[in-house]
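Survey of secondary and tertiary structure
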Amino acid sequence: SSPFVFNQRLTGREFAFYGQDRVQPFSGLTVDFGLRYDHYDYVIQDDAWSPRVGVAYHIKPTKTVLRAAYNRWFQPPQNEGLLVSSAPALATFATISNPFVRSVPAERTNFYEVGLQQQIGKYIRLDLSRYVKNVRNFQDKDQFLDTPIFFPIAIARGDVRGQELRIDLAPVHGFSGWNRSEPSLTA
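Criteria and thresholds
Residues numbered from 1 in each chain as written. Predicted model: local features only at pLDDT ≥ 70, side-chain atom pairs only at ≥ 80, totals over all residues. Heavy atoms only, no water. 1 Å grid on protein atoms, 1.4 Å probe; cavity = no way out; pocket = protein on both sides within 12 Å on 5 of 7 lines; lining within 4 Å. Points joined across faces, edges and corners; volume = space filled by probe spheres on them. Helix = DSSP H or I, 4+ residues; strand = E, 2+ residues; numbered from the N terminus. Nonpolar A, V, L, I, M, F, W, Y, C, P; charged D, E, K, R; others polar. Buried < 20%, exposed > 50% of the residue type's maximum accessible area, 1.4 Å probe, protein only. Polar contact = N/O pair within 3.5 Å; in protein donor to acceptor, adjacent residues only side chain to side chain. Contact = heavy atoms within 4.5 Å. Pairing = 2+ DSSP bridges. Axes fitted to C-alpha atoms, helices over the stretch in contact; angles between N-to-C directions. Phe/Tyr/Trp six-rings, centres within 6.5 Å; stacked < 30°, edge-to-face > 60°.

1. Let's talk about the layout of surface pockets
- Each pocket or cavity is described by its volume, and for the second largest pocket that value is around 200 Å³.
- For the lining of the second largest pocket, the secondary-structure elements that each account for two or more residues are strand E1 (13-26), strand E2 (29-42) and strand E3 (44-59).
- The class makeup of the residues in the lining of the second largest pocket is four nonpolar, five polar and five charged.

Below, the structure written as structure tokens:
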């Protein structure tokens, strides 16, 4: 059998721009919002608009902050290995029953989060959040046979859910600390 030889070149481009702002319509309420545009052109061509909004309300008498956020995220595929992994000649090495080779698509994520922050006394702050990430074309890497070569791949859909608890200790005589629980995830 003849060896797999790959010698191709491709030039691409990527650019993005965004705008963001923060408003405080009344005391205690803060709204952050923004919009990002991405253009990607290397093996695949893709564009995306990504809105973001976050709302926080500070209840001064109880030292409580309630918050919620939504972010849409666009992640183009990693360039490393992308050109060779989308080469039709690579289908020879495919381990799937239908060796269909195509370019790795960009990842798109919708991220939702709600949270609560509570000051406890003078030195302790509790921060609790719950989040959900709905992902399409979840990006990962796959190892090529038993070599140290990795190629970008995409998992069609993913659903990540978790909660996070963090306790912060305010600086006391130069010392501070924090502890965070590991999120529970399902995919």
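2. Thoughts on the side chain of Asp 127
- Position of Asp 127 relative to the elements: it lies in strand E6 (residues 124-143).
- Among the residues examined, Asp 127 registers a relative accessible area of 15% and is labelled buried.
- Only 3.3 Å separates the side chain of Asp 127 from the side chain of Gln 117, close enough to count as a polar contact.
- Among residues more than four places away in sequence, those in contact with Asp 127 are Arg 67, Leu 116, Gln 117, Glu 164, Leu 165 and Arg 166.

3. Considering the sheet that holds E1
- Spatially, E1-E2-E3-E4-E5-E6-E7-E8 is the arrangement adopted by the eight strands of the open sheet, whose pairing is antiparallel. Of all the strands in the sheet, just E1 and strand E8 (175-180) have a single pairing partner and so form its edges. Adjacent strand axes in the sheet meet at a mean angle of 15°, parallel and antiparallel pairs treated alike.

4. Looking at the packing of aromatic side chains
- Under the counting rule described, the total for this entry stands at six aromatic pairs.
- With centroids separated by 6.3 Å and ring planes inclined at 45°, the aromatic side chains of Phe 15 and Tyr 37 adopt a geometry described as tilted. Here Phe 15 is found in strand E1, whereas its partner Tyr 37 is found in strand E2, with 22 residues between them in sequence.
- Using a relative accessible area of 40% as the deciding quantity, one classes Phe 15 as partly exposed.
- Residues Phe 111 and Tyr 131 carry aromatic rings whose centres are separated by 6.0 Å and whose planes lie at 25° to one another, so their mutual orientation is stacked. Highlighted residues: Phe 111 in strand E5 (residues 107-120) and Tyr 131 in strand E6, separated in sequence by 20 residues.
- Connected via pairs of aromatic rings, a cluster forms that spans Phe 15, Phe 17, Tyr 37 and Trp 49.

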